[in-house]
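Each chain, written out:
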Amino acid sequence: MKFNHIFFILMSIAVFTACSDDDPGAILSLGDASVILSPSSGSTYVLEEEKTGNTLAMFRWSPSFFGYTAGVTYTLQMDLAGNNFSEPVALATTTETSASITQGRINGVLLAKGIEEAIPVDIQVRVAASVGTNVEQLISDPISLRVTPFIVEVVFPQLQVPGSYQGWDPSNNNTVIYSRRSDNQFEGFVYFPDPGTFFKFTNGPTWDVNYGDDGANGTLDQNGADISAADPGMYRLNVNLNNFTYTIMKTDWGVIGDATPTGWDSDTDMVYNPSSRNLEVVLNLTAGGLKFRANNDWPLNFGDNSGEGFLDYDGGNIMISDPGSYRIELILHEPRYRYVITKL
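Reference entry: report on the structure contained in this document. Only a predicted model underlies this, so the values are computations on that prediction, with no experimental measurement involved. (Residues numbered from 1 in each chain as written. Predicted model: local features only at pLDDT ≥ 70, side-chain atom pairs only at ≥ 80, totals over all residues. Heavy atoms only, no water.)

Here we look at the overall build of the protein
To keep it simple, the criterion reads: Numbering of helices and strands runs from the N terminus, with a helix taken as a DSSP run of H or I at least four residues long and a strand as a DSSP run of E at least two residues long. As a reference, a globule follows 2.2 Å times the number of residues to the power 0.38, and the radius of gyration itself is taken over C-alpha atoms. Buried means the residue's accessible area, taken with a 1.4 Å probe over protein chains only, is under 20% of the maximum for its type, while exposed means over 50%, and partly exposed covers the values in between. Two residues form a contact once any of their heavy atoms are found within 4.5 Å. The protein chains shown are the only cover counted for residues, whose accessible areas, like all others here, come from Shrake-Rupley with a 1.4 Å probe. Asp and Glu count as negative and Lys and Arg as positive, but His and the ends of the chain are not part of the count. Here the site of a charge means atom NZ of a Lys, CZ of an Arg, CG of an Asp or CD of a Glu.
Secondary structure assignment for the protein yields two helices and 29 strands. Compactness check: the protein gives a C-alpha radius of gyration of 28 Å against a globular reference of 20 Å for 344 residues, more than 25% above the reference. C-alpha atoms of the protein, sized along the principal axes, occupy 95 × 55 × 45 Å. Looking at the protein as a whole, 42% of its 344 residues are labelled buried. Pairs at least 24 apart in sequence give 62% of the contacts found in the protein among residues at least 6 apart. Surface exposure of the protein reaches about 17800 Å², of which carbon and sulfur atoms provide 51%. Of the side-chain charges in the protein, 19 are positive and 40 negative, and the distance between the mean point of each set is 5 Å.

Shown next as C-alpha cells:
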C-alpha cells in the first residue's frame, strides 16, 4: 500500500506539472509534422507564359498530428533556396492535405523576389501546420525544386523627379525613378549637370501630388520645399512612400578588377555621356574579371550573377576572356540596371 501511495503522488505531480495553467506562456508542442508526398524533391519545371493558368503541380502531404484531435490549417510556403525561409510566401492556405498551384502563381512570386532572367532558379517548398495561436506550428522538411520562370514586360511604377536641371517638367519621363517591386519604394540614378541643383518628387506627370522637404531632414512633405544637391554628378535617389522618407547619395563610378590596367588596387573612372545618358570608358582589358563600384569603395558596387548583362548589387565578377580594347558602358537610367562591353 505504501508503494501505491508513492506512485499516486508522483503521477499527480507529473500530471499537474504537464497540465498546469499557472504559466500562461506555456506552449504546447506535440506530434508529427507533415511529409510532402508530391511532387518529388529535385523535380524541375519550365514555366511558359501561355500556360499561366495551367497547374504547375498538385502538392500533396501527409496530415500533421498534434497529439489530439484538432482542426488543422495548412499553409504551403515557398522561398528561394538558401534563404532558410526568412521571407516565406504563402502559396496556399487550406484545411485539406493538397493544393494545386498554377504556373502563373509561382512565376509571380519569383518576379516579386527580384528574379529578372529566364534562367533556372532553385526554390524550396514546405508545409506549416497550425491549430491555434497558443500551439507551436509543425513544419515539414522542405523539398527542393528547380524552376525556370518566364519574364514578362513589366511596367514599373515610377516617381517623377522634376527640377532646375530639366526645366521643372514633371512630364519628362527621362528623369524618373522606379519601384521595381511595386512596393512604394523607389530607386534610381539621376544626373545633375550643374552645382546647386534643386528638385522635387511628383507622383505622376503633373504637380497635383508633389513632395519636398521642409526641414531638410530626409522626411518628405507634400507640397514641401525644394530639395537641393550641392555638387554636380550622378546621384542615387531612394524614396519610401510608405513612411515618406528619402535619401540622396552622390556617386562617382569606376571600373576595377584584374582585367583592368590597375587591377584590384584602384578604379578607372567612368565619364557621363549626356547623349546616351550612360557612364562610359574605353580600356585595354586583359583576361580576368571586373566590377563597377562607386566612390572608390566597396559599400556600393555592381557585378553580374547571371552573366546575362544585368547588374546585381554585390554581384559576381564580370569575366573577360579575350584581351583587347573595349568600350564599357554602365546604364543606370533604366529600371533594370545593366551594362554593355563592346570590343573595338
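Considerations on the packing of aromatic side chains
To keep things clear, this is the line we draw: Stacked, tilted and edge-to-face pairs are distinguished by plane angle, under 30 degrees for stacked and over 60 for edge-to-face with tilted covering the rest, among Phe, Tyr and Trp rings (Trp via its six-membered ring) whose centres lie within 6.5 Å.
The full count for this structure, using the stated rule, is 16 aromatic pairs. Summarising the aromatic geometry, the rings of Phe189 and Tyr337 are spaced 5.3 Å apart at their centres and angled 75° between planes, so their arrangement reads as edge-to-face. Note that Phe189 is positioned in strand β12 (residues 185-192) and Tyr337 in the loop between β28 (324-331) and β29 (338-343), a separation of 148 residues in sequence. Comparing Phe189 with Tyr337 shows no difference in burial state: the two are buried. Both rings, one in Tyr211 and one in Phe244, keep their centres 5.7 Å apart while their planes meet at 45°; by these two values the pair is tilted.

Brief notes about the sheet that holds strand β23 (residues 278-285)
The criterion, for reference: When DSSP finds at least two bridges between two strands, those strands are taken to pair. To get an axis, a line is fitted to the C-alpha atoms, and for a helix only the part in contact is used. The angle between two axes follows their N-to-C directions and goes from 0 to 180 degrees.
Taken together, the four strands give an open sheet; going across it, the order is β22-β23-β28-β29, and neighbouring strands pair in antiparallel fashion. Either end of the sheet is taken by a strand with one partner, and the two such strands are β22 (271-273) and β29. Looking at each pair of strands side by side, their axes are set apart by 30° on average, direction ignored. Pairing of β28 with β29 involves six bridges; the strand directions are antiparallel. Residue Ile328 lies in a different strand from β29, and its bridge partner there is Ile341.

Structural notes on the pairing of strand β3 (residues 55-61)
Side chains on a regular strand alternate between the two faces of the sheet. Taken together, the two bridges between strand β1 (residues 36-38) and β3 define a ladder with antiparallel strand orientation. Pairing of Ser38 across the sheet is with Arg60, part of β3. When β3 meets strand β6 (residues 98-102), the two strands line up antiparallel, connected through five bridges. Bridge pairing in β6 links Phe59 to Ala99.

Overview of the sheet that holds β6
Paired through backbone hydrogen bonds, the strands of a sheet run either parallel or antiparallel to each other. Read across the open sheet, the three strands follow the order β1-β3-β6; overall the sheet is antiparallel. Each end of this open sheet is capped by a strand with a single partner; those strands are β1 and β6. For this sheet the average axis-to-axis angle between neighbouring strands, irrespective of direction, equals 30°. Strand contacts of helix α2 (residues 103-112): β3 and β6, with the helix running at about 70° to β6, the strand carrying the most contacts.

The quantities given are spatial measurements derived from coordinates; they are silent on function.
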